[in-house]
Amino acid sequence: MQSIGILGGTFDPIHYGHLRPAQEVLRALDLAEIRVIPAANPPHRRPPVATSEQRLRMVELAVAGAPGFTVDDREFRRGGPSYTVLTLESLRREFGERPLCLLMGLDAFEGIETWHQWQRLPELAHFIVMTRPGWEFPAGERLPPWVRDRLVRETSQLAQASAGKIYFQAVTPQDISATRIREALARGEPAEAWLPSVVFEYIRANRVYVNRGN
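Residues numbered from 1 in each chain as written. Predicted model: local features only at pLDDT ≥ 70, side-chain atom pairs only at ≥ 80, totals over all residues. Heavy atoms only, no water.

J.: Mind showing me how you'd approach the packing of aromatic side chains here?
T.: Ring pairs (aromatic) are described by centroid distance and by the angle formed between their planes. Scanning the model with the defined rule gives 6 aromatic pairs in all. Aromatic pair Phe-109 and Trp-146: ring centres 6.1 Å apart, planes at 55 degrees, arrangement tilted. Of the two residues, Phe-109 sits in helix H5 (residues 106-110) while Trp-146 sits in helix H7 (residues 145-148), which places them 37 residues apart along the sequence. We classify Phe-109 as buried; its relative accessible area is 9%. Judged by centre distance (6.3 Å) and plane angle (85 degrees), the ring pair of Phe-127 and Trp-146 falls under edge-to-face. Remark: Trp-146 occurs in helix H7 and Phe-127 occurs in strand E5 (residues 126-131); sequence separation between them is 19 residues. We note that Phe-127, like Trp-146, is buried. Members of the aromatic cluster, connected to one another through ring pairs, are Phe-109, Trp-118, Phe-127, Trp-135, Trp-146 and Phe-168. Across from the ring centre of Tyr-16, 3.9 Å away, lies the NZ or CZ of Arg-20, which sits over that ring. (Phe/Tyr/Trp six-rings, centres within 6.5 Å; stacked < 30°, edge-to-face > 60°. Helix = DSSP H or I, 4+ residues; strand = E, 2+ residues; numbered from the N terminus. Buried < 20%, exposed > 50% of the residue type's maximum accessible area, 1.4 Å probe, protein only. Lys NZ or Arg CZ within 6 Å of the ring centre and 35° of its normal.)

Pasting the structure below:
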């Protein structure tokens, strides 16, 4: 069975810095799909600027035009803090032993040991760490044992287990951030090149980031 990718985030707003690297992973790993899962109540950062309803709607609009992507609103339906371990547990109950691949940037991976019940995460999914082209992970002796023991260098190894592997995938760098977009929109500056046109039009029509704390 093809693996299922999982892309979580606050998505305040969703933009090409999220979508383009994930599209590269979708193709490189031949994933069945990528489920984009917005965090309803992100526990490790400032509250989002856009409302929960606005962020979910922006993700729905962006994903509708992206083949191979689906939006998954389970964190909104569940309520409470949006802990990744709870989301992966829910997905595992749904998909059984099918391989699940949790996509994350290098910064997120380097901070993974601060996440809620982080030790359980590799039991529930593979980690796909998106890096810049040419980046090389440190020599084995410099890696924590839990990372060193799980590293794989071939995508085919991900299909041999439902979870527990770590794979580094190079993607094209995207010099885009949600903070930069929000600040540009609040100042009335151009931002439409950084996110899907349907998302930009929704933001403009609903004045999502006008006169809001950014």
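That shown, we press on.
J.: Is there a simple way to think about helix H9 (residues 197-206) in this case?
T.: For an α-helix, the turn length of 3.6 residues means that residues three or four places apart are oriented alike. For H9, the complete set of buried residues consists of Val-199, Phe-200, Tyr-202 and Ile-203. Taken down its axis, H9 places every buried residue within 160 degrees of arc, on the same side. Looking at H9, the residues exposed on the side facing more than 90 degrees away from the buried face are Ser-197, Arg-204 and Ala-205. Taken together, the buried residues of H9 touch helix H2 (52-64) and helix H8 (178-186). (Arc of directions from axis to C-beta. Contact = heavy atoms within 4.5 Å.)

J.: Would you take a moment to explain the nonpolar core for this structure?
T.: Generally speaking, nonpolar side chains in soluble globular proteins are found buried as a group. The biggest cluster of nonpolar side chains holds 41 residues, and the ones touching the most others in it are Ile-14, Ile-34 and Phe-69. Breaking this core down by element, the ones donating at least two residues are helix H1 (16-28), strand E2 (33-38), H2, strand E4 (100-105), E5, H8 and H9. Ranked by residue count, the leading element in this core is H2, at 5 residues. Setting aside chain neighbours within four positions, we find Ile-14 in contact with Leu-19, Val-36, Met-58, Val-59, Ala-62, Leu-195 and Val-199. Judged by nonpolar contacts, the second largest core, of 24 residues, contains Met-104, Leu-121, Trp-146 and Phe-168. (Core = buried A, V, L, I, M, F, W, Y, C linked by side-chain atoms within 4.5 Å.)

J.: I would appreciate a short explanation of the packing of H2 against H9 in the present structure.
T.: In a pair of packed helices, the angle between the axes and the distance between the axes together describe the arrangement. Where H2 contacts H9, the two axes come as close as 8 Å, and the packing angle between them is 150 degrees. Judged on the interaxial angle alone, H9 and H2 are roughly antiparallel. Taken as a pair, H2 and H9 cross one another with a handedness that is right-handed. Listed contacts from H9 to Gln-54, Arg-57, Met-58, Leu-61 and Ala-62 of H2 are Val-198, Val-199, Tyr-202 and Ile-203. Its residues placed into classes, the contact of H2 with H9 shows 7 nonpolar, 1 polar and 1 charged. (Axes fitted to C-alpha atoms, helices over the stretch in contact; angles between N-to-C directions. Parallel < 35°, antiparallel > 145°, perpendicular 65-115°, else oblique. Left-handed = near helix turned anticlockwise from the far one by under 90°. Nonpolar A, V, L, I, M, F, W, Y, C, P; charged D, E, K, R; others polar.)

J.: Even after reading the chapter, I still don't get the side chain of Ser-3, so can you show me in this structure?
T.: When you line up the elements, Ser-3 lands in the segment before strand E1 (4-9). The exposure class assigned to Ser-3 is buried, which follows from its relative accessible area of 9%. In this view, Ser-3 contacts Leu-31, Ala-32, Glu-33, Pro-99 and Cys-101; residues no more than four positions away in its chain are not counted.

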